[in-house]
Amino acid sequence: KANAPIFGIDTEGKVSEWNEKTEMITGYTKGEAIGKSLVETFIQPENRRSVDEVLTKALSGVETANYELPLLSKSGKRYAVLLNATTRRNNDGQITGVVGVGQDISE
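Since this is a predicted model, take the numbers as computed values, not measurements.

Chemist: Teacher, can you tell me more about the environment of S50 here?
Modeler: Position of S50 among the secondary structure elements: in helix 4 (residues 48-59). Among the polar contacts listed, one links the side chain of S50 to the backbone oxygen of N47, at a separation of 3.2 Å.

Set out below in structure tokens:
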């Protein structure tokens, strides 16, 4: 079992990957999360702009390490996840999305 939250988004910022640890932290199942806007659905309003910037950068090929991602769970609890945002490319080198690998650093 992965003990790191891992999720992916496509080029439109929609969730394309959502592992068990991310399910546990957020309370949203993979089925509920896939296809939803990561920023609009899982980030509280005051953090959306900065999270969006990190993801937009990663979608342009600029990766971010150790970014403190504030995740909002289904129950309204806030979690802090230390995130590495990695650009995902296909075999032709075209950017297809971003993979986020995190570490739960919530108190």
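Chemist: Honestly, the side chain of T87 in this entry has me stumped. Any pointers?
Modeler: Counting through the fold element by element, T87 comes out in strand 4 (residues 78-89). Judged by relative accessible area, which is 12%, T87 ranks as buried. In terms of polar contacts, T87 uses its side chain to reach the backbone carbonyl oxygen of A58, at 2.7 Å. Ignoring any residue separated from it by four or fewer positions in sequence, one finds T87 in contact with A58, G61, V62, E63, I95 and G97.

Chemist: In this structure, what is going on with the pairing of strand 3 (residues 64-72)? I would like to understand it.
Modeler: Where strand 3 and strand 4 come together, seven bridges link them in antiparallel fashion. If you follow Y67 over to strand 4, its bridge partner there is L83. Once strand 3 ends, the chain turns through five residues before running back antiparallel as strand 4, passing G76 with a positive phi of about 95°.

Chemist: I tried to follow the nonpolar core on my own but got confused; where do I start?
Modeler: Nonpolar side chains tend to gather and get buried jointly when the protein is soluble and globular. With 23 residues, the main nonpolar core has W18, L38, F42, V51, L55, L69 and L71 as its most contacted residues. Of all elements in the fold, only strand 1 (6-10), strand 2 (15-18), helix 3 (38-42), helix 4, strand 3 and strand 4 reach the threshold of two or more residues within this core. Those residues within four positions of L55 in sequence are excluded, and the remaining contacts are I9, L38, V39 and V98.

Chemist: I'm lost on unusual backbone geometry in this one. Help?
Modeler: Trans is the prevailing form of peptide bonds, just as negative phi is the prevailing case for residues other than glycine. Within the chain, N66 stands out as a residue other than glycine whose phi angle is a positive 55°. One can find N66 in strand 3. Residue N66 is classed as exposed on the basis of its relative accessible area, which comes to 55%.

Chemist: Explain the environment of L71 here, please?
Modeler: Mapped onto the secondary structure, L71 falls in strand 3. Relative accessible area serves as the criterion here: at 2%, L71 is assigned to the buried category. For the pair L71 and N47, spaced 24 residues apart in sequence, the C-alpha separation works out to 9.4 Å. When neighbours within four sequence positions are excluded, L71 is seen to be in contact with I25, T26, F42, I43, Q44, K77, R78, Y79 and V81.

The rules behind the values
- Residues numbered from 1 in each chain as written.
- Predicted model: local features only at pLDDT ≥ 70, side-chain atom pairs only at ≥ 80, totals over all residues.
- Heavy atoms only, no water.
- Helix = DSSP H or I, 4+ residues; strand = E, 2+ residues; numbered from the N terminus.
- Polar contact = N/O pair within 3.5 Å; in protein donor to acceptor, adjacent residues only side chain to side chain.
- Buried < 20%, exposed > 50% of the residue type's maximum accessible area, 1.4 Å probe, protein only.
- Contact = heavy atoms within 4.5 Å.
- Pairing = 2+ DSSP bridges.
- Core = buried A, V, L, I, M, F, W, Y, C linked by side-chain atoms within 4.5 Å.

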